[in-house]
Amino acid sequence: MADTRARLQALVQELIPLAEKYEEPAPGAFGIEDPLITKAKELIAQAQAPVDYATSLMVTTLEAISLRTLLQLNALQAIPASGSISLTDFSTKSGVQDSLLERLLRVPVNANFIDQDSTSGEYSHTHLSQGFTDPNSMPCRLFSFIYDEGLGGLMPLLPQYLTHQHAQTGKWEEPGASRDSTRFNIQTWHANVEGVKTAFEVMEMNPERMKRFQTSMAIGEQLNPFVGYYNFDKLAVSSDEEEADRKALVDVGGGQGLALAAILKAHPSLKPTHCVLQDTAPVIALAQTSNPANLPPGITYQPHDFFLAQPILNAKAYYLKAIAHDLSDANLVAVLRELVAVMAADSRALIAENVLPERGGSGVMALMDLMMMGIGGKERTEEGFRRVLRQAGLVVDWVHRAGGGRNYAIVEARLE
Ligand SMILES: C[S@@+](CC[C@H](N)C(=O)[O-])C[C@H]1O[C@@H](n2cnc3c(N)ncnc32)[C@H](O)[C@@H]1O
């Protein structure tokens, strides 16, 4: 006990200079943890007994459930921007039954997310809950997206899924590790189409969900800028190349073209007529009809399954953003081999992804990696990318890092 107390006191001392240096996170910063928070977590872990840890885990899970429910009910907007509100008024203003509200609010009040006056019982905002009152704010969209697409539904099924997979394959391994991971994963198993449809086909079965998913990809730009750390100008097509109908950039699995639009805007030397947006037929149809990315005219919209032969030969670059992490190593190699088959000596494969540190990594990186496990994909380290690219017949030229404390990068590769 004396040792624990001494350690706790030392940690408290270490907190003081960190508090002095504390910087408010930049807007949009995602998963970049201030050293004060890292140290405070160490302090809490040191002070916890295993049973406290179990309790805090359960409560944290409930915090997520409670917040997702409050957002669904649009309840947080009923709390005044300044001052406080009684439960009765809160209920009238939000249209949510008072006892339901009271029970949902116990968790965020306990977590210091919402304040409750200990005498009057009135509720008021903290700086945290204030950040969730606009459904279009980054924290709201990010949290709801991650919760709805994994954390709240699929990820909790991981232990059952691995047990189910073990019964079939006799192995404890990543979902789909020895089968086609696009078709054998938690998402397809949960939708009762395991082995039949891919995770993205499951999404396409529900057009509203597909639309929501595609729209939510826009959050990506707020987390990791699409441009600013790779010189897309070097892909501009010369007049000779234009004559030979050479394309500058093929956005493979490009979704609604959000990244392509940002690249074209930042690099006017690239002409829309030299760019191709590829994705599955329903997604391309959506991009063409609703054009949420505001893509300029001239782009070629091309439905294309990236597991099949690549129809655009000799493009200067094939850009894959948020594709590699949807795929197992074997599937990513298969997709890259289709590019290798059509690449010229000066063509580039550009893989835009998080690049995990070789060891450790932030909680957010671990979260993203396990989220991808739900659909049979994974996040990779630089060495992980190099290995997979090598298997496909590519070598890494450069890893262009986004900087700013982010793990994001464009891995640039060429033919071996
Ligand atoms: C995570 S999203 C990334 C979209 C886009 N690159 C972005 O970053 O916004 C993955 C994309 O891959 C597409 N996709 C999945 N399977 C595909 C396949 N077999 N062929 C082509 N596109 C596919 C999905 O429809 C989806 O748009």
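Numbers given for residues are sequential positions, taken from 1 along each chain in its written order. Per-residue local features are limited, in this predicted model, to residues with pLDDT of at least 70; the limit for side-chain atom pairs, both in listing and counting, is 80 or more; totals at the level of whole chains, interfaces and linings are taken over all residues. The basis for every side-chain value is the complete set of non-hydrogen atoms in the structure, without hydrogens or water.

### A closer look at the site of the ligand
Inference 1: In the vicinity of the ligand, 18 residues are found, and the nearest of them are Gln-214, Gly-253, Asp-279, Phe-306 and Lys-321.
Inference 2: Within the backbone of Gly-253, an N or O atom sits 2.8 Å from a nitrogen atom of the ligand.
Inference 3: Under the rule applied, a polar contact is a pair of N or O atoms within 3.5 Å (in protein, one hydrogen donor and one hydrogen acceptor; residues adjacent in sequence only if both atoms are side-chain atoms). One nitrogen or oxygen atom from the side chain of Asp-305 is found 3.0 Å from a nitrogen atom belonging to the ligand.
Inference 4: Using a 1.4 Å probe, the Shrake-Rupley method yields the accessible areas, and only the shown protein chains count as cover for residues. Coverage of the ligand by the protein amounts to 94% of the 590 Å² it exposes when considered alone. When at least one non-hydrogen atom of a residue lies within 4 Å of a molecule or strand, that residue is treated as near it.

### Focus on helix H18 (residues 382-392)
Spacing of three or four residues puts side chains on the same side of an α-helix, whose turn is 3.6 residues.
Inference 1: Of all the positions in H18, only Gly-384, Phe-385, Val-388, Leu-389 and Ala-392 are classed as buried. The buried residues of H18 all sit within an arc of 125 degrees when viewed along its axis, so they share a single face.
Inference 2: In what follows, residue pairs with any heavy atoms lying within 4.5 Å of each other are defined as contacts. Numbering of helices and strands runs from the N terminus; a helix is a DSSP stretch of H or I covering at least four residues, while a strand is a stretch of E covering at least two. Elements in contact with the buried residues of H18: helix H16 (329-340), strand E7 (348-356), strand E8 (380-381), strand E9 (394-401) and strand E10 (408-415).
Inference 3: Positive backbone phi, approximately 95 degrees, marks Gly-393, located one or two places after H18. When a residue's accessible area, from a 1.4 Å probe over protein chains only, is under 20% of the maximum for its type it is buried; when over 50% it is exposed; and in between it is partly exposed. The arc in question is formed by the directions pointing from the helix axis toward the C-beta atoms.

### Some points on helix H1 (residues 2-21)
Inference 1: End to end, H1 covers 30 Å across 20 residues, agreeing with the expected 28 Å (1.5 Å per residue, within 8%).
Inference 2: Taken residue by residue, H1 has Leu-11, Leu-15 and Leu-18 as its buried positions.
Inference 3: Looking at the buried residues of H1, the elements they touch are helix H2 (35-47). What a helix is expected to span follows from its residue count: subtract one and scale by 1.5 Å.

### Describing unusual backbone geometry
Inference 1: With phi around 65 degrees, Asn-112 is a residue other than glycine that occupies positive phi space.
Inference 2: With respect to the helices and strands, the residue Asn-112 is situated in the loop between helix H5 (98-110) and strand E1 (114-116).
Inference 3: A positive phi angle is found at Asn-314, which is not glycine, with a value near 60 degrees.
Inference 4: By relative accessible area, Asn-314 is classed as partly exposed at 36%.

### Here's the deal with the pattern of salt bridges
Inference 1: The salt bridge criterion pairs a side-chain nitrogen of Lys or Arg with a carboxyl oxygen of Asp or Glu, the two atoms within 4 Å. This model, assessed by the stated rule, comprises 22 salt bridges.
Inference 2: One salt bridge connects Asp-180 with Arg-183, and the closest N-O pair in it is separated by 2.8 Å.
Inference 3: The class of Asp-180 is partly exposed, set by a relative accessible area of 26%.
Inference 4: When the shortest N-O distance is used, the salt bridge between Glu-241 and Arg-246 registers 3.2 Å. Residue Glu-241 shares its accessibility class with Arg-246, and that shared class is buried.
Inference 5: It is possible to trace a salt-bridge network through shared partners that takes in Lys-234, Arg-348, Asp-397, Glu-412 and Arg-414.

### Notes on the packing of helix H7 (residues 138-151) against helix H11 (residues 207-216)
Inference 1: For the pair H7 and H11, interaxial distance at closest approach is 11 Å and the crossing angle is 135 degrees. Put simply, H7 runs oblique to H11. At the point where H7 passes H11, the crossing takes the left-handed sense. For the pair H7 and H11, the contacting residues are Arg-141, Phe-145 and Glu-149 in the first and Arg-209, Phe-213, Thr-215 and Ser-216 in the second.
Inference 2: The nonpolar class holds Ala, Val, Leu, Ile, Met, Phe, Trp, Tyr, Cys and Pro. Asp, Glu, Lys and Arg form the charged class, and all remaining residues, Gly among them, are polar. The residue inventory of the contact of H7 with H11, partitioned by class, reads two nonpolar, two polar and three charged. Only the stretch in contact is used when fitting a helix axis, every axis being a line fitted to C-alpha atoms; angles between N-to-C directions are given from 0 to 180 degrees. Roughly parallel here means an angle under 35 degrees, roughly antiparallel means over 145, roughly perpendicular means 65 to 115, and every remaining angle is called oblique. Handedness of each helix crossing follows the sense of rotation of the near helix against the far helix: counterclockwise by less than a right angle gives left-handed, clockwise gives right-handed.

### Considerations on the nonpolar core
Inference 1: Note on terminology: a nonpolar core comprises buried Ala, Val, Leu, Ile, Met, Phe, Trp, Tyr and Cys residues joined through side-chain atoms within 4.5 Å. Judged by nonpolar contacts, the single largest core of 30 residues is most densely connected at Tyr-318, Leu-336, Leu-389 and Val-411.
Inference 2: Sorting the residues of this core by element identifies strand E6 (317-321), H16, E7, H18, E9 and E10 as the ones contributing at least two each.
Inference 3: In this structure, Tyr-230, Leu-235, Ile-263 and Tyr-319 belong to the second largest nonpolar core, which totals 29 residues.

### With respect to the domain arrangement of the chain
Inference 1: Annotation comment: domain bounds sourced from an automatic or database domain assignment. Taken domain by domain, the chain comprises domain 1 (1-134), domain 2 (148-222) and domain 3 (224-415).
Inference 2: Across the domain 2-domain 3 interface, the total number found is one salt bridge.
Inference 3: Note that Lys-378 is salt-bridged to Glu-174, the shortest N-O span being 3.9 Å.
Inference 4: Run the count over domain 2 and domain 3 and you get nine residue pairs in polar contact (both at pLDDT 80 or more).
Inference 5: When residues of the side of domain 2 that touches domain 3 are traced back to their parent elements, those giving at least two are H7, helix H9 (186-190), helix H10 (199-204), H11 and helix H12 (219-223).
Inference 6: Along the lines of polarity and charge, the residues of the side of domain 2 that touches domain 3 split into eleven nonpolar, eight polar and six charged.

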